[in-house]
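Remarks on the overall topology
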Amino acid sequence: MVIAASATLLAGCAGVGGASNDSGGGNAGTAGSAPSGTLKIMGFGGEDEVAQARVNAFKQAYPGVKVNNAKGDFDAQQFLTALASGNPPDLVYMDRNLVGTYAKKGAVVPLEDCISQQKIDTSQYREAAMRSVTLGNKVYGIPEFYVVTTNLVDAKSLKAAGLSPSDIQTKDWQALKATSDKLFKKNGNKIGRIGFDPKLPEYFPLWATANGATIIKEDGAPNLNDPKAVEALDFAISLINDQGGWTAFKSFRDSFDIFGEKNPLSAGSVVAFPMENWYVNVLRDFIPKGLQLDSTPFTDHDGKPVSMVGGSAWAIPKGSKNPTAACAWAKTLTDKATWMKAADARIAKVKKDNSFFTGLFTANKPADEAIKAKYLTNVPDAGFKRAIDNLYATLDTATALNPSPAGAEIDAAWHSAVTRALGGQPAQQALDQAQKEAEAAFTKANGNG
């Protein structure tokens, strides 16, 4: 159930070309004329009502711009090929963790002129999101969604096992291990139910952070084999080893239909796991089918809620032929007024489906606050309300991985390390190797290798 960028994608991203200066060949958005012409976009799906409402807002504001959106997720190789061919998109939508790497390589350009000419108020964006798109004190991306995490729980299975939601906690790891063991079920030689899924490999940074590790230092250098990170990985893997081992665990988990009626929480296949905010909106549709959701915060050892921040950003590639329209798009799709239109569209769908609003989590803090105040007024299901409240409670304290000129390579290194450790390599050895790989990439990115 991989919900973050896959190791394959990240490995591809690590193939960005040789080092160049930070400026990437100049600022974006230098033309002063009104946006017009064709706007070529890469990496943006734009399928649901929230996306379509914002796309429509741009088209209404700038009817002179023809939007050419090649729908589909960001593809590193496709992006690099377009750059190399001299025919890049005008605008690219990518994970914020990747922005630092592409900025350092000169693949995307700084946005100071764009921000100035479009009068983009960057103080509206949450600090953690802005930090992710800033390298060398220059901004290279305009942040969009704000992805945070909390524990989601199948209350029905939990109650049947004689346990309560308070037993699903990450403050006391040994107590969590005991709870997971109680909830785990086997059907013969096969797994019947996972007790607590630590969500490896993708949630390694969450476990490391909860244990007090900073796996990317403030200067962007990797710190993957920090003893606290090694301890966190050892523990998270032990949860999996206690529940059949990685091969059986992964096979069972890969069989889940996370978007369907047989999703793991509805089907009783998993009792609890940390999960991102967007999934609460997916699960809402299965209440009539008997889903009983509950939630607890994912915390550190002191009981303080911990969440990693994810999300994408709009960046302007070097060689963009229409940076003016690209900048106008980035501003329009992320400003408060547009987000309110998106919320209106989501509410219209909610009413049509005779359902309820589960929140909208963006990098725009004033927009989030206005949407919450206006629309998040009636959550009729108590378990869903706890999940939504837990997610909103993380917004001001959630942390992102520090930006790095080797961000993509560091991501690839730890993903590979966790996969090796899941396969049996000692966590210390796996993260030591990852640290060496990431250090080499960081040194090279800084022009010293």
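Residues numbered from 1 in each chain as written. Predicted model: local features only at pLDDT ≥ 70, side-chain atom pairs only at ≥ 80, totals over all residues. Heavy atoms only, no water.

Turning to the overall build of the protein, a few remarks are in order. Scanning the protein from terminus to terminus reveals 19 helices and twelve strands. The C-alpha radius of gyration computed for the protein amounts to 22 Å, which stays within 12% of the reference 22 Å derived for 449 residues, consistent with globular compactness. When its C-alpha atoms are laid out on the principal axes, the protein stretches across 65 × 55 × 35 Å. Put simply, the protein has 449 residues, and 57% of those count as buried. Considering only contacts in the protein between residues 6 or more positions apart, those separated by 24 or more positions represent 80%. Carbon and sulfur atoms form 49% of the exposed surface of the protein, whose accessible area is close to 17800 Å². Put simply, the protein has 47 plus and 46 minus side-chain charges, and the middle of one group is 4 Å from the middle of the other. (Helix = DSSP H or I, 4+ residues; strand = E, 2+ residues; numbered from the N terminus. Rg over C-alpha atoms; globule rule 2.2 N^0.38 Å. Buried < 20%, exposed > 50% of the residue type's maximum accessible area, 1.4 Å probe, protein only. Contact = heavy atoms within 4.5 Å. Areas by Shrake-Rupley, 256 points an atom, 1.4 Å probe, with all protein chains shown as cover. Lys, Arg positive; Asp, Glu negative; His and termini not counted. Charge placed at Lys NZ, Arg CZ, Asp CG, Glu CD.)

Right, let's talk about the state of the cysteines for a bit. Tallying each qualifying case throughout the model produces one disulfide. Note on cysteine connectivity: Cys114 is disulfide-linked to Cys327, with sulfurs 1.9 Å apart. On the sign convention where negative is left-handed, the bridge of Cys114 and Cys327, at about 90 degrees about the S-S bond, is right-handed. Placement of Cys114 in helix 5 (residues 112–117) and of Cys327 in helix 14 (residues 323–334) is noted, with a sequence separation of 213 residues between them. Neither residue differs from the other here; Cys114 and Cys327 are each classed as buried. (Disulfide = S-S within 2.5 Å.)

As a further point, take the pattern of salt bridges. Per the stated rule, a full pass over the model turns up 15 salt bridges. Here Lys250 ties to Asp254 by a salt bridge, and the two come within 2.8 Å at their closest N and O atoms. Residue Lys250 and its partner Asp254 are located together in helix 11 (residues 246–254), separated by four residues, close to a single helical turn. With a shortest N-O distance of 2.8 Å, Asp389 and Lys385 are connected by a salt bridge. Pair noted here: Asp389 and Lys385 are both in helix 17 (residues 382–394), with a separation of four residues, about one helical turn. One network of salt bridges, in which partners are shared, links Arg126, Lys365, Asp368 and Asp396. (Salt bridge = Lys/Arg side-chain N within 4 Å of Asp/Glu carboxyl O.)

On to helix 8 (residues 173–183). Buried residues of helix 8: Trp173, Leu176, Lys177, Thr179, Ser180 and Leu183, and no others. One side of helix 8 holds all its buried residues, which, seen down the axis, span an arc of 165 degrees. Of the exposed residues in helix 8, the ones pointing more than 90 degrees away from its buried face are Gln174 and Lys182. Residues of helix 8 that are buried make contact with helix 7 (155–160), strand 8 (185–187), strand 9 (190–196), helix 9 (204–210), helix 10 (227–241) and strand 10 (270–276). Two or three places before Gln174, at the opening of helix 8, Asp172 has a side-chain oxygen 3.1 Å from that residue's backbone nitrogen. (Arc of directions from axis to C-beta. Polar contact = N/O pair within 3.5 Å; in protein donor to acceptor, adjacent residues only side chain to side chain.)

Let us now look at the packing of helix 14 against helix 15 (residues 336–352). With their axes 5 Å apart at the nearest point, helix 14 and helix 15 run at an angle of 55 degrees to one another. Considering the angle they form, helix 14 stands oblique to helix 15. Residue-level inspection shows Thr332, Leu333 and Thr334 of helix 14 in contact with helix 15, the latter providing Lys336, Thr338 and Trp339. Considered class by class, the residues forming the contact of helix 14 with helix 15 number two nonpolar, three polar and one charged. (Axes fitted to C-alpha atoms, helices over the stretch in contact; angles between N-to-C directions. Parallel < 35°, antiparallel > 145°, perpendicular 65-115°, else oblique. Nonpolar A, V, L, I, M, F, W, Y, C, P; charged D, E, K, R; others polar.)

Pairing is mixed across the open sheet formed by five strands, whose spatial order is 8-9-10-7-11. With partners counted over all chains shown, the strands left at the sheet margins are strand 8 and strand 11 (293–296), one partner each. Across this sheet, the average inter-strand angle for adjacent strands is 30 degrees, counted without regard to direction. Relative to strand 9, strand 8 is paired through three bridges, and the arrangement is antiparallel. From the neighbouring strand, Lys185 faces strand 9, where its bridge partner is Arg193. Helix-sheet contacts for helix 17 involve strand 7 (149–154) and strand 11, and the interaxial angle to strand 11 is about 30 degrees. (Pairing = 2+ DSSP bridges.)

Next up on the list: the environment of Gly106. The topology assignment puts Gly106 in the loop between helix 4 (96–104) and helix 5. Sequence separation of Gly106 and Lys318 is 212 residues, and the distance between their C-alpha atoms is 6.9 Å.

It is worth stressing that arrangement in space is one thing and function is another; only the former is reported here.
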